[in-house]
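These are the residues of each chain, in order.
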Amino acid sequence: MADPDFSKNRPRFPPFSTDDQQVTVPRSRELTATEVADASAVAALTFALAGIGRLIAAGTFFQVLSTVVFAVLAARRRTRVIVVSGWAAASMGVLLGGIGPVGQLATAALFGGTTGTALRRGWGTFRAIGLSLLVGWPVIAAVTVGMLSIMTRLRELQFENVANLVGGVDRFIVWLDNLLGGVGLDRVGDGLVSSVDWGITYWYIATPLAQAFITIGYAWLAFRVARMVAKRVDNALGAPSVDARATGEGPPVPLSLSQASILRGDEPTDVSGVDLDVSAGQFWTVLGPNGAGKSTLLHAIAGLDDLSLPEGASEGSALGHLGGTALVGQRPDSQVLAPRVGDDVRWGVDDQSDDDVAEILAAVGLAGFEHRETSALSGGELQRLAIGSALARRPALLLSDESTAMLDPAGRKQVHGLLERLADFGTAVVHTTHLTDELPSSEDEVLRIGQRRTMVVVPDADSRKPGDVVLRTRSLDVVHDAGSPWAAQALHDVDLELREGELTLITGSNGSGKSTLAWTMVGLIKATRGAVELHGESMTGPDPRVAIAFQHARLQVLRSRVIDEIRAQADVEDVGPVLRAVGLDQPNFGTRRIDELSGGEQRRVLLAGLLSRRPDVLILDEPLAGLDDEGRLRLRVAVQHFLARRTAVAIVTHEPDWASDLVHQRVHITDGRLSVLEPGPAR
Amino acid sequence: MNGRMLRYYDSGSPIHRLWAGTKVLWLPAVGTTIAFQISWFAIGLGWFAALVIFLLARLPTGVIPRPPKLLWIAVLASVLLASLGGDGPTFYGLSLDGMASIARFMAFAWMMVFYGLMMGWTTKLDEIASSISRLFRPLRRIGLPVTEMAATLTIAVRAVPLVADELRLVIAARRVRGVQPQQDLTEQGADIAVSLVVSTFRRSADLGNTLAARGGVTDPPQDVHRLAVVDAAAFATAMAIMAVVIVFG
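Residues numbered from 1 in each chain as written. Chains lettered and ligands numbered in written order. Predicted model: local features only at pLDDT ≥ 70, side-chain atom pairs only at ≥ 80, totals over all residues.

1. Re the overall build of chain B
A count of helical and extended segments in chain B gives nine helices and two strands. Reading the helices (α) and strands (β) of chain B from amino to carboxyl end gives α-α-α-α-β-β-α-α-α-α-α. Over its C-alpha atoms chain B spans a radius of gyration of 23 Å, topping by over 25% the 18 Å that the globule rule assigns to 249 residues. With respect to the three principal axes, the spread of C-alpha positions in chain B is 70 × 60 × 40 Å. Within chain B, the fraction of its 249 residues that count as buried is 44%. Pairs at least 24 residues apart make up 75% of the contacts formed inside chain B by residues separated by at least 6 positions. (Helix = DSSP H or I, 4+ residues; strand = E, 2+ residues; numbered from the N terminus. Rg over C-alpha atoms; globule rule 2.2 N^0.38 Å. Buried ≥ 20, exposed ≤ 12 C-beta atoms within 10 Å, placed from the backbone. Contact = placed C-beta atoms within 7 Å.)

Set out below in structure tokens:
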């Protein structure tokens, strides 16, 4: 349990900052962009944790979790960042029901701050608890004693209630003692009553004293968990991200690179030999697989992440300035900053009239969206909004870092079409992609990087043999929030059969109910009417024989190393075969850290674990998003392995044409209603 | 987040049209005054005002969440214990004073919860955030970094639905795991925290780049809501309630 060794010889934690100076401390007092981003992301997470804690009445667990999250932030950033983050979280806490949640979030930030500071300084448990006692406890004690001395009537009422409760407990103990025939339990009750009486009489001593003991326990637990977490987070992410360098006043085009190497700090990176000449109004496509260095190139052009181009490539990126460089990245939900569409366009460019904003929104096909909430937009709409917000700065150069990779085919087409039209505004565009169908007809403005060839071994099995029904939904209705004014029917009378060794493709647009169907089939959502039957029996909840792999694999893969993750799914000795099946058979892959892997590789580690678990049914939720050609091929082979083991596989996807030679059944969902497009050859 | 907490229900009522900042100031002011007196009269007045606001906001009763059974059990147990331990006149051996005291506190606590829920049904999170930023703006003079604070709060509000989805996913992923992990609660907590924090910082690195590509940390678009008659009425009501509570106890 507790680490009893407080000696000075133990390794200091964390490795990225053995002394305070090594933490990225910007010169100015103001927070930088990356600090503000970290502060707000942590505020959002702790707020959501507090909300869930209230919802499922597990407040203490989530309170410690929030403290740990703040502690990790404090271990990586300055105290100022924690203060602002805690303030933001507590401000949102107003909506969770007034003063209680605000106080909880402020307390979590306070003790997270002290715990994280101890981590940052590499202190041991003893000093960490000491700091919490020295800094956190006086604040809490002063606030409590202050409030209790002003609110005399509230204090008296509360103390009366406490005395009554303890009196009730005492009477219960006496009754129990009589029942047992007088074993002396009543003395315990007397002791309890008299100590509580003392505490109530001398409340101004007793309350802070009790809080000191609680602080010690709380600080000990928070430090213990935060140390584990901060170490693993540090291994996963490395040092905190740094801010954009000042890279000159621009203009960013013309940009000229000839056999250039990208620099990180002053060191060259793997990305070298780049030839790229961009002038105004051009549309460049950079084609390469995942991991080829496309993002590195674009971030160097922008001057982000301490990356830079060789001297003299351009007059400077002028990132974010009027007439400078703009950037749209891959994940749609990270490209938009404001909760309202119009505010996002206005962000940082104050002198825009309502007409200017409307004009920009119309140009990106979002006319009339000004007051909509950004959280309700689809991926394609978000990316078009991000491009619109970039246009508000009339950029000379727009960098599109795989901005189409995570979108469905319709959204991808719209965004790509919009990017191509930007030349008409005089903006040069550099668009990176791994999709060959986004190549223009002429090769003039195309740069190819990092091509490679993939070898795969396909299992040989007759995947076309007709199978028995494993999972069946019978007249399935699902109503979200039934009985409340927000009730919404997500599924209507859905009948679907999944057969062993067969592949079912479930397609449908955003919000059609296909994810609800997937979650219901694995028992995560209860059917309002009808049933999900596994081998003919109704399912009442999640079942180990039915597995699901989510798109965002990192949230599902919980262990830090590949081998541990696979063994956490099923008790297997040799993980070699399943790793080979998913194409992750490089030497010593089992000992690799999950967070070193790409998103696609994490998805396949999850599949390797599930493969060794041998479920009867496997459901894959959007497994193709963001995968390049190689990733798609690997996924296809992994699916073939499942089919060869007679698992019934269902894939929820936007792409109806993927692996059509493997598909037995194709169904489509529109507004919660299922239609069978193509019964498989097995029928 | 699903469920009936934190869920906006639009009926376009005067309560919905109030400036969010009015509500943010109203609730702690009135709540603290009632807590100061904590008499049946003050709490009764507070509940009366709450019900009037509920009717004014034209909310259907279906918005009210059903408390979990565990809560009822806890309430019953504490009422029973408190009335066993209390003094004064008794009823079947249960102290009426003890029962009244604990009931008085619960009536107050639940009133505050109900006000909090009403805030959620009638106010959007981004309106609360921008109004709080606006309320803090004058504090620039005493050296508070209000620009960074406002930017942080605005981006945080934007990130809440994304983070809530991730939380839902993490919880779901644990439920569908085949083998139940042989770990204690702290290790499980650490696993969950690592997943969430890594994902959060990955996103914030992206958001940081987006912010840099918008010219760095600047004031987000500001709250321009104009105070109207409803806000004046709300402030007047708050004053009246506070005065009555203080004078008549």
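Back to the write-up after that little detour.
2. Let's talk about unusual backbone geometry
Residue A:P254 follows A:V253 across a cis peptide bond; omega there is 0°. Among the secondary structure elements, A:P254 is positioned in the loop between α8 (203-237) and β1 (255-260). Residues other than glycine seldom take positive phi values, yet A:H535 does so here, at roughly 50°. Tracing the sequence through the fold places A:H535 in the loop between β14 (529-534) and β15 (537-538). Among the residues examined, A:H535 registers 14 C-beta atoms within 10 Å and is labelled partly exposed. Even without a glycine there, the phi angle at B:R58 is positive, about 50°. In this fold, B:R58 is placed in the loop between α3 (40-56) and α4 (69-85).

3. With respect to helix α8 (residues 185-213) of chain B
Residues and elements named next belong to chain B. Taking 1.5 Å of rise per residue, 29 residues should cover 42 Å, and α8 covers 42 Å from first to last C-alpha, within 8% of that figure. Counting buried positions over the 29 residues of α8 gives 24, a clear majority of the element. Once α8 ends, the next one or two residues include G215, with phi positive near 90°. (Expected span 1.5 Å × (residues − 1).)

4. Some thoughts on the domain arrangement of chain A
All names here are of chain A. Here the domain parsing of chain A yields domain 1 (1-243), domain 2 (255-448) and domain 3 (469-678). If you average the C-alpha positions of domain 2 and of domain 3, the two centres end up 33 Å apart. With nine residues of domain 2 at the contact, the number on the domain 3 side is 11 residues. The residue inventory of the side of domain 2 that touches domain 3, partitioned by class, reads four nonpolar, four polar and one charged. (Domains from an automatic or database assignment. Nonpolar A, V, L, I, M, F, W, Y, C, P; charged D, E, K, R; others polar.)

5. With respect to the interface of chain A and chain B
With 112 residues of chain A in contact, the opposing surface of chain B contributes 104 residues. Here the side of chain A that touches chain B gets 18 residues from one element, more than from any other, and that element is helix α1 (residues 33-55) of chain A. A per-class count over the side of chain A that touches chain B returns 66 nonpolar, 27 polar and 19 charged.

6. Let's talk about the sheet that holds β15(A)
Residue and element names in this part refer to chain A. In spatial order, the strands read β12-β11-β14-β15; together these four strands make up an open sheet with antiparallel pairing. Edge positions in the sheet fall to β12 (488-499) and β15, since each has one partner strand and no second. Bridging between strand β11 (residues 469-480) and β12 involves eight bridges; their strand directions are antiparallel. Each bridged residue has a counterpart across the sheet, and for T473 the counterpart in β12 is L496. (Pairing = 2+ DSSP bridges.)

7. Focus: the packing of α1(A) against helix α4 (residues 99-120) of chain A
The description of two helices packed together rests on the angle between their axes and the distance between the axes. Residue and element names in this part refer to chain A. Direction vectors running N to C along α1 and α4 enclose 130°, while the axes themselves pass 11 Å from each other. When the axes of α1 and α4 are compared, the pair comes out oblique. Crossing geometry of α1 relative to α4 is assigned as right-handed. Facing α1, whose interface residues are T46, F47, A50 and R54, α4 presents P101, Q104, L105 and A108. Tallied by class, residues from the contact of α1 with α4 come to five nonpolar, two polar and one charged. (Axes fitted to C-alpha atoms, helices over the stretch in contact; angles between N-to-C directions. Parallel < 35°, antiparallel > 145°, perpendicular 65-115°, else oblique. Left-handed = near helix turned anticlockwise from the far one by under 90°.)

8. Looking at the confidence of the model for chain B
Looking at chain B, pLDDT values average 89 and 96% of them are 70 or higher. The complex model carries a pTM of 0.90, and its ipTM stands at 0.93. (pLDDT = per-residue confidence, 0-100.)

9. Comments concerning the sheet that holds strand β18 (residues 648-653) of chain A
Residues and elements named next belong to chain A. Read from one edge of the open sheet, six strands run β16-β17-β18-β13-β19-β20, paired in mixed fashion. Each edge of the open sheet is held by one strand with a lone partner, namely β16 (546-549) and β20 (673-678). This sheet shows a mean twist of 20° between the axes of neighbouring strands, independent of strand direction. In the packing of helix α14 (residues 514-521) onto the sheet, the strands contacted are β13 (503-508), β16, β17 (617-621), β18 and β19 (665-670), and the crossing angle to β17 comes to about 150°.

10. Overview of the domain arrangement of chain B
Accessible area lost upon the coming together of the parts is a frequently used measure of interface size. As far as domains go, chain B holds domain 1 (1-123 + 225-249) and domain 2 (143-218). A straight line from the C-alpha centre of domain 1 of chain B to that of domain 2 of chain B covers 32 Å.

11. So, the packing of α3(B) against helix α9 (residues 229-248) of chain B
Residues and elements named next belong to chain B. Direction vectors running N to C along α3 and α9 enclose 165°, while the axes themselves pass 10 Å from each other. By the angle class used here, α3 and α9 are roughly antiparallel. Between α3 and α9 lies a crossing whose hand is right-handed. Residues F41, A42, L45 and A49 of α3 lie in contact with α9, whose contacting residues are I241, V244, V245 and F248. A per-class count over the contact of α3 with α9 returns eight nonpolar, no polar and no charged.

12. Digging into the nonpolar core
With 241 residues, the main nonpolar core has A:V68, A:V72, A:M92, A:V229 and B:A193 as its most contacted residues. If we ignore the near neighbours within four places in the chain, the residues touching A:V72 are A:G116, A:A226, A:V229, A:A230, A:V233 and B:V197. (Core = buried A, V, L, I, M, F, W, Y, C linked by C-beta atoms within 7 Å.)

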